[in-house]
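So you can see what is in the structure, the chains are spelled out below.
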Amino acid sequence: MPRNAPAHSETTIESAHESAPLPPAASLDSVSKLYGAFAALRKVSVEFAVGSSTVVLGDNGAGKSTMLRMLAGLISPSRGSIQVFRDQPQQQRHRIAYMSHDAMLYDELSALENLRYFASLQDMGGMVCSCTASPEMALRAVGLDPALGRPVGQYSQGMRQRASLARVLQTDPELLLLDEPFSNLDVDSAKHMVDLLLDFRNWPVEKPLPGLTEANPPHPPEIRARTIILTTHQPRLAEPLAETTLTMRAGTIVSIVNTAATGPGITAAHGAVG
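*Asks:* Help me understand the overall build of the protein chain, please; the structure alone is not making it clear to me.
*Replies:* Counting secondary structure elements, the protein chain contains seven helices and 11 strands. Among the 274 residues that make up the protein chain, the fraction classed as buried is 52%. Considering only intrachain contacts with a sequence separation of at least 6, the fraction spanning at least 24 residues in the protein chain is 72%.

*Asks:* Explanation requested: the environment of L109 in the structure shown.
*Replies:* Of note, L109 is situated in the loop between β6 (96-99) and α2 (111-120). For the pair L109 and G149, spaced 40 residues apart in sequence, the C-alpha separation works out to 8.4 Å. Not counting residues up to four positions away in its chain, the partners in contact with L109 are N114, P151 and V152.

*Asks:* What exactly am I supposed to notice about α2 here?
*Replies:* An α-helical turn contains 3.6 residues, so a residue and the one three or four places further along point in the same direction. Those residues of α2 not exposed but buried are A111, L112, N114, L115, F118 and A119. Looking down the long axis of α2, one finds its buried residues gathered within 160° of arc, a one-sided arrangement. Buried-residue contacts for α2 involve α4 (135-141) and α5 (157-169).

*Asks:* What should I look at first to understand the environment of V50 in this one?
*Replies:* Relative to the helices and strands, V50 resides in the loop between β3 (38-49) and β4 (53-57). For the pair V50 and P24, spaced 26 residues apart in the sequence, the C-alpha separation amounts to 5.5 Å.

*Asks:* Help me understand the pairing of strand β10 (residues 252-258), please; the structure alone is not making it clear to me.
*Replies:* A regular strand places its side chains so that they alternate between the two faces of the sheet. Of all seven residues in β10, five are buried, a share of seventy percent or more. Two elements, strand β9 (residues 244-249) and β10, share six bridges in a ladder whose sense is antiparallel. The partner of T244 across the bridge, within β10, is N258. Adjacent in sequence and paired antiparallel, β9 and β10 are bridged by two residues, among which A250 carries a positive phi angle near 50°.

*Asks:* Hey, could you run me through the packing of α2 against α5 in this one?
*Replies:* Two numbers describe a pair of packed helices, the interaxial angle and the distance between the axes. Axis separation between α2 and α5 bottoms out at 10 Å; the angle between their running directions is 25°. Judged by the angle between their axes, α2 and α5 are roughly parallel. Note on packing geometry: the crossing formed by α2 with α5 is right-handed. Counting all contacts with α2, which are made through A111, L115 and F118, the residues of α5 involved are A163, A166 and R167. Across the contact of α2 with α5, the residue classes tally to five nonpolar, no polar and one charged.

*Asks:* Would you mind showing me how to read the side chain of Q170 here?
*Replies:* By secondary structure assignment, the location of Q170 is in the loop between α5 and β7 (175-179). Reaching out from Q170, the side chain makes a polar contact with the backbone oxygen of L115 at a distance of 2.9 Å.

*Asks:* Would you take a moment to explain the pairing of β4 for this structure?
*Replies:* Along β4, five of the five residues are buried, which leaves the element largely enclosed by surrounding structure. On β4, burial covers both faces: S53, V55 and L57 on one face and T54 and V56 on the other are all buried. Of the strand pairs in this sheet, β4 and strand β8 (residues 227-231) are connected by four bridges, and their pairing is parallel. Considered in β8, the bridge of V55 is made with L230. Where β4 meets β9, four bridges bridge the pair, whose relative direction is parallel. Considered in β9, the bridge of V56 is made with L246.

*Asks:* What exactly am I supposed to notice about the packing of α5 against helix α6 (residues 187-200) here?
*Replies:* At their nearest, the axes of α5 and α6 sit 12 Å apart, and the two run at 10° to each other. Considering the angle they form, α5 stands roughly parallel to α6. On α6, the residues that touch Q161, R162, L165 and L169 of α5 are S189, M193, L196, L197 and F200. A class-by-class count of the residues in the contact of α5 with α6 yields six nonpolar, two polar and one charged.

*Asks:* Hey, could you run me through a nonpolar patch on the surface in this one?
*Replies:* Residues Y106, Y117 and L121 make up a contiguous nonpolar surface patch of about 300 Å² in total accessible area. With respect to the helices and strands, L121 occurs in the loop between α2 and α3 (130-133).

*Asks:* Looking at this model, I keep getting lost on the pattern of salt bridges. Mind explaining?
*Replies:* Taken as a whole, this structure holds six salt bridges when the rule is applied. Ionic pairing is found between D172 and R226, a salt bridge with its closest N-O pair at 2.8 Å. With a gap of 54 residues between them, D172 in the loop between α5 and β7 and R226 in the loop between α6 and β8 connect regions that are remote in the sequence. Residues D172 and R226 agree in their burial class; the two are buried.

*Asks:* Sorry, what's going on with the confidence of the model for the protein chain here?
*Replies:* It should be kept in mind that the predicted coordinates are not to be read in detail where pLDDT is low. Overall, the prediction assigns the protein chain a mean pLDDT of 82, with 77% of residues at 70 or greater. Element-level mean pLDDT values for the protein chain span from 32 in strand β11 (residues 268-273) up to 97 in β7. Taken as a whole, residues 261-274 scores under 50 in pLDDT and shows 46 contacts with residues more than four places along the chain or in a different chain.

Reading the values: the criteria
- Residues numbered from 1 in each chain as written.
- Predicted model: local features only at pLDDT ≥ 70, side-chain atom pairs only at ≥ 80, totals over all residues.
- Heavy atoms only, no water.
- Helix = DSSP H or I, 4+ residues; strand = E, 2+ residues; numbered from the N terminus.
- Buried < 20%, exposed > 50% of the residue type's maximum accessible area, 1.4 Å probe, protein only.
- Contact = heavy atoms within 4.5 Å.
- Arc of directions from axis to C-beta.
- Pairing = 2+ DSSP bridges.
- Axes fitted to C-alpha atoms, helices over the stretch in contact; angles between N-to-C directions.
- Parallel < 35°, antiparallel > 145°, perpendicular 65-115°, else oblique.
- Left-handed = near helix turned anticlockwise from the far one by under 90°.
- Nonpolar A, V, L, I, M, F, W, Y, C, P; charged D, E, K, R; others polar.
- Polar contact = N/O pair within 3.5 Å; in protein donor to acceptor, adjacent residues only side chain to side chain.
- Patch = residues over 30% accessible without salt bridge, like charges linked within 9 Å, V, L, I, M, F, W, Y side chains within 5 Å.
- Areas by Shrake-Rupley, 256 points an atom, 1.4 Å probe, with all protein chains shown as cover.
- Salt bridge = Lys/Arg side-chain N within 4 Å of Asp/Glu carboxyl O.
- pLDDT = per-residue confidence, 0-100.

See the structure below:
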């Protein structure tokens, strides 16, 4: 059942592969974001455990997109602190993928040309899934034909949304941030996206971390699993992904619902609002 939370309370969102709680993949500690006199976020404290899948709800202006942009390292808090994998988000961008309202694709290029271009900007070594190793496979995974030579600028909004998802999945992210991913998708396309994201949660995480070797492991040791944080105005479509549902209002977290969703590799989900 949802429980009310004051603006400064801490919310913990956990996903347990075992009985012991997992460390946070991402956390906000008393974070506020101010734009002049307007507070987009107000003293938000929340932790998202490694391997958790969270659906974030709220009206326009509730702070959902601001929180995701901060976790992606695109904007900085006015107050408070943010960590992703025990570091500043900007230092962990190789482990994060962010899909915004904007498709973030070049209109004059085809989907395949876009994905190949973005792949060329990153070190794509160490990938373990064919979807991440190949732009062609990433496009097929989201239901697009890689042979389609039409520029993205001529795509429907739904096709652009699917191409944008392929762009982020090919980076093999451990933390996947999705801002309104079902926008402009018909119900069948949205269900296909949900099925793909459910499968994504079980992709193995074997991409080596920069600077670490067997002789120089991380300290303390890291548990690695796929973590999803997704905002939407269509909670019924996202329900299969909603291990936990977090609701925001006026820049604060007001409730959390534990839906006890389970799936391969995820044995339980629980959360608490202090």
